[in-house]
Structure formats: structure tokens, C-alpha cells
Amino acid sequence: MTEPKKLYIKTYGCQMNVYDSERMAEALGGEGYVGTDVPEDADMILLNTCHIREKAAEKVYSELGRLKPLKDARPGLKIGVTGCVAQAEGAEIMRRQPLVDLVVGPQSYHRLPAMDAAVRAGGKALDTEFPQADKFTALDARTRANRAPSAFLTVQEGCDKFCAFCVVPYTRGAEASRPAARVLTEAQALVASGVREITLLGQNVNAYDGHPQGLAGLVHDLAAIEGLARIRYTTSHPNDMDAALIAAHGTEPKLMPYLHLPVQSGSDRILKAMARKHTAEHYLRLIERIRAARPDIMLSGDFIVGFPGETEADFQASLDLIREVGYGMAYSFKYSSRPGTPAAEKPQIDEAVMDDRLARVQELITSQQRAAQAAMVGRTVGVLFEKPGRMPGQLTGKSDYLHAVHALADGARIGQVCPVRITSSGPNSLAGEVVS
Ligand code: SAH
Ligand code: SF4
Ligand code: F3S
């Protein structure tokens, strides 16, 4: 028997990359690869990359530089770049860093087995096409591995929105949905291998149209799977939140009360310049409707500070919107100019101004986050235990509202949703006691 080849994948960026890394590992599993956590042992290293901000993209080149000694020591080691930097920069990556053997974009990684054969034969392999056929139909069914209780499942890819700052429409291509029947088959396989919670993924997941009733229809069909306890979805665009999906938050008990709904800015002038195609008022009324359907829903969002042309008054409008919504948590970023996007042509805001605004917005968000966590103390919430905690006898899991929760509990409860009374709130997690 030949020794199995070892595969090390490092994943950057969003949850879709996490999902893609799993699928790539499974695809290469068919070529005799097994996963390793030790890059020094690997026969193949893949960096599954993110292009969203300049820092994310530059990380790839510094990481590749660090891999040089490994490659020098083991010439049989093959190094590949996958994901959104691969899509955006293609062959340029090999020119800038000749140690790279393989470059494959997010829409063509089902071709990895053939590309592996090519690089093993001593060649280089590059594929950044947007093939007509859906890569998922070309990939094998999910393996029957024992899985963690919580899994991602990509149901929609790509983006047609073309926000003026964003590379995703260029790296992931046009919006496309997987047929509901295929999603259901994959979900059933995941549940059969131990999954209790599925997070449906898409760059604009609520634009999902692979089911006649859209994402709400898919959620209802998934909820019928016995053994599946929880459903979540991310990331949503405000303009794609339809009435059926909002209603599902009130009627579907398996749909968890947490929604990530980015708005980016609270200033209509900036929203217009960003080409978001909605106003702050539209977003706030939408939140009202969602809260009417599910009053306890925990909201999260994304904010960009320092978009070209953002004044102090525009920035204040973002702070006002955050105060009005009251987020359970939120992410904020300094605007990063991305080559090829419309906003990259505009005069850029001073870095020090951006730093100052980022610090102020983060202070506000952190205070809301702390308040939302503190408000959980004394309440009893469902917690899906996922793994042992840091302290002996302790398990850690996620509440219905996606808070990390620690509690003393028997290991047999991993994979179960248990009622937990929250007793205290720390900076990034809650502690509680299992009620029954
Ligand atoms: N499809 C999702 C988000 C994808 S990118 C949506 O529409 O909400 C994730 C987040 O990165 C975005 O919500 C935005 O806040 C941030 N982002 C995207 N491009 C950026 C850029 N050029 N500079 C700074 N932040 C950016
Ligand atoms: Fe990017 Fe906008 Fe599409 Fe989200 S909706 S992925 S921010 S272009
Ligand atoms: Fe990054 Fe691509 Fe996701 S750019 S955020 S890895 S879609």
C-alpha cells in the first residue's frame, strides 16, 4: 500500500471559503490525500484566499514567502492558491511567486483532481474560468465522516449587486442558486453524519431562487428533516428580504432568531455612492417588520467607515443608525480601495480620519454587544453543545442567538440542544447551567 499523501489547507475570508475548503479536501480525498494540521508534513498546501480588503490579499504573498523554506526542503511539496485572490489575480500569482504550482478559482475547484495529476507530473496548473456547469454537480456526494454538530452548506453563490467598493461580483461571478433537491440531499447526508445545525451560505443568500418559494421555501423543506434541530442563513442583502422569509422567522421554530443584515452606512448620500440601492429609512423599516415577526431576534451588521466622500456628518448618520437598531453584534471595517471597483477611482479619505472613525464605531458596537450579552443573564436559552470547553467538565456551544456559551455538562451532550440558564456574561462569551 502506498502512503497517503497529506493535504494542508489554510482558509482565509468568509464562511463560504470554510465550506469550499471542506469540499476541496473531500475532492482531493479521492486522489488519496488525507488532511493534516502540520504544514511541514504536507505533500500539498493550499491557501484558500480572500480578496475583500487589501490586507487580506497581501497576507497571501507573505504566507507564500514563509512557505519557501518548506518547498526548498521538500521539492515534492506542491503549493496551490485557491479562492478569491486566485480568481482575481490568476497567473499573476505564479509570476510574483514562482513557487506556486497551482492556481484555481472558487468556481472551478472540482477540477482539482486533474490539476493535482498535472502538478504531480511536474507541470503548473491554472484554472480561473467560470464554467457553465455547476461545480457541485461535478463533485462527489459528501463523505460519511463523523461531523461536528454545526455545518455550513453553500446554497447560493455570486453577486449581481455590484456595490461600488466590492470585489465579490468579480471573484465569485453572477448570482446562481443550487437546486433545492440537491441542497436537501446534501443536508440529509450531513444530518446522517451527526450534524444538528446547518447554516445556509450565500454571498446574497436571500436572493436564493433554487426553490419555487425562494429561501423561505428551502428553510421550510429543510425544517422537515428529522434530526436537524437548527437552521441559520447568511449573508443577506436588505433588498432581498421578502415577506415570506420575514414571516418564516415568526413561524418556523427551527429557524434561529439571529440575522446578519449588513447595511454598510447610515447616510443616504453614502449609500447612494456605494450603489447599495436602498436608503437608511428602508433598512430601518425592514428591521421593524422583522422584529414584528420575531421580537427577540438578534441582529448583526457590517459597516464600512471612510468610504470616498464620507463626511463627519455621514459618519454620524451611521452611528445614529447603529443606535436606533441596537445590534447584538456587528462588524466594522475601514474602507479598502480595491482595484477594478468603481470606488477605487474616487479621491480617498485620509487614513488617520478612517482610524479615528473606526475606533469610534467599534466603541459603540462593543457597548451594544456587551449590553446584549448582559441582557441574557437570568434567561434560559437553547444551547447546541459543540465541543469540550477549556475547563475540565465543561462544554462549549452556541445559544439560539449565536452567543458562545460555556456550561458544566457531560460530554454525551455534545450534539444536543439543551436548555441553559445564563448566569454570567464575559467579554466574548456567556456562562450558564444546564437546566435539565
Ligand atoms: N454579500 C455580503 C458581504 C460580502 S463582503 C453583503 O452584501 O453584505 C463582507 C463585508 O466586507 C461587507 O459587508 C463589507 O462591510 C465589507 N467590505 C466589502 N468590501 C470592502 C472594502 N472594499 N473595504 C472595506 N470593507 C469591505
Ligand atoms: Fe459585495 Fe455588495 Fe455583493 Fe455584498 S451585495 S457581495 S457587498 S457587491
Ligand atoms: Fe473574501 Fe471571497 Fe469571501 S473575497 S469574503 S473569500 S467571497
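Definitions and cut-offs
- Residues numbered from 1 in each chain as written.
- Chains lettered and ligands numbered in written order.
- Predicted model: local features only at pLDDT ≥ 70, side-chain atom pairs only at ≥ 80, totals over all residues.
- Heavy atoms only, no water.
- Near = heavy atom within 4 Å.
- Polar contact = N/O pair within 3.5 Å; in protein donor to acceptor, adjacent residues only side chain to side chain.
- Areas by Shrake-Rupley, 256 points an atom, 1.4 Å probe, with all protein chains shown as cover.
- Helix = DSSP H or I, 4+ residues; strand = E, 2+ residues; numbered from the N terminus.
- Nonpolar A, V, L, I, M, F, W, Y, C, P; charged D, E, K, R; others polar.
- Core = buried A, V, L, I, M, F, W, Y, C linked by side-chain atoms within 4.5 Å.
- Buried < 20%, exposed > 50% of the residue type's maximum accessible area, 1.4 Å probe, protein only.
- Contact = heavy atoms within 4.5 Å.
- Domains from an automatic or database assignment.
- Pairing = 2+ DSSP bridges.
- Axes fitted to C-alpha atoms, helices over the stretch in contact; angles between N-to-C directions.
- Expected span 1.5 Å × (residues − 1).
- Arc of directions from axis to C-beta.
- Parallel < 35°, antiparallel > 145°, perpendicular 65-115°, else oblique.

Residues in contact with ligand 1 amount to 15 residues; listed here are only the nearest, Phe165, Gln203, Gln264, Asp302 and Ser336. Contacts to ligand 1 include phenylalanine 165, whose backbone N or O atom sits 3.0 Å from a nitrogen atom. Here an oxygen atom of ligand 1 sits 2.6 Å away from a polar atom, N or O, in the side chain of aspartate 302. Protein contacts shield 89% of the accessible area of ligand 1, which totals 540 Å² for the unbound molecule. At the level of elements, strand E13 (298–305) and strand E14 (329–334) are the ones that each hand at least two residues to the shell around ligand 1. Among the residues making up the shell around ligand 1, the classes are represented as six nonpolar, four polar and five charged.

For the rest of this paragraph, the subject is the nonpolar core. By size, the foremost hydrophobic cluster in this structure holds 73 residues, and its most contacted members are Leu200 and Tyr327. The residues contacting tyrosine 327, other than those within four sequence positions of it, are Val263, Tyr283, Leu299, Ser300, Gly301, Phe303, Leu321, Ile322, Gln368, Gln369 and Ala372. In this structure, Ala42, Ala57, Ile79 and Val85 belong to the second largest nonpolar core, which totals 23 residues.

Glancing now at the domain arrangement of the protein. Under the domain assignment used here, the protein contains domain 1 (5–127) and domain 2 (380–434). One C-alpha centre belongs to domain 1, the other to domain 2; they are set 35 Å apart.

With that out of the way, let us pick up the sheet that holds strand E10 (residues 197–201). Strand order in the open sheet formed by three strands is E7-E10-E11, with parallel pairing between adjacent strands. Each of the sheet's edge strands pairs with one partner strand only, and the pair in question is strand E7 (150–154) and strand E11 (230–234). Strand-to-strand, the axes of this sheet are offset by a mean angle of 25 degrees, without reference to chain direction. As paired strands, E7 and E10 are joined by five bridges and run parallel to one another. Across the sheet, alanine 151 pairs through a bridge with isoleucine 198, a residue of E10.

Time to look at unusual backbone geometry. Omega for the peptide link from threonine 234 to threonine 235 comes to 0 degrees, which places this bond in the cis form. Secondary-structure assignment places threonine 235 in the loop between E11 and helix H10 (243–251). Its identity is not glycine, yet phenylalanine 162 carries a phi of approximately 50 degrees, on the positive side. On the secondary structure map, phenylalanine 162 appears in the loop between strand E8 (156–157) and helix H7 (168–172). Of the residues examined, phenylalanine 162 reaches a relative accessible area of 40% and is grouped as partly exposed. Phi is positive for lysine 277, close to 65 degrees, though the residue is something other than glycine.

Bringing helix H13 (residues 312–325) into the picture now. The end-to-end C-alpha distance of H13, which contains 14 residues, comes to 20 Å, matching closely the 20 Å that a straight helix rising 1.5 Å per residue would cover. Those residues of H13 that fall on the buried side of the exposure criterion are Asp314, Phe315, Ser318, Leu319, Leu321, Ile322 and Val325. Projection of H13 onto a plane perpendicular to its axis shows the buried side chains occupying an angular sector of 160 degrees, all on one side. With respect to the buried face of H13, the exposed residues turned more than 90 degrees away are Ala313 and Glu324. On its buried side, H13 packs onto helix H11 (268–273), helix H12 (280–293), E13 and helix H14 (351–374).

Here H12 crosses H13 at 10 degrees, and the two axes come no closer than 11 Å. With respect to each other, H12 and H13 are oriented roughly parallel. Note on element contacts: H13 touches H12 through Leu321, Glu324 and Val325, opposite Ala280, Tyr283, Leu284, Arg285 and Arg291.

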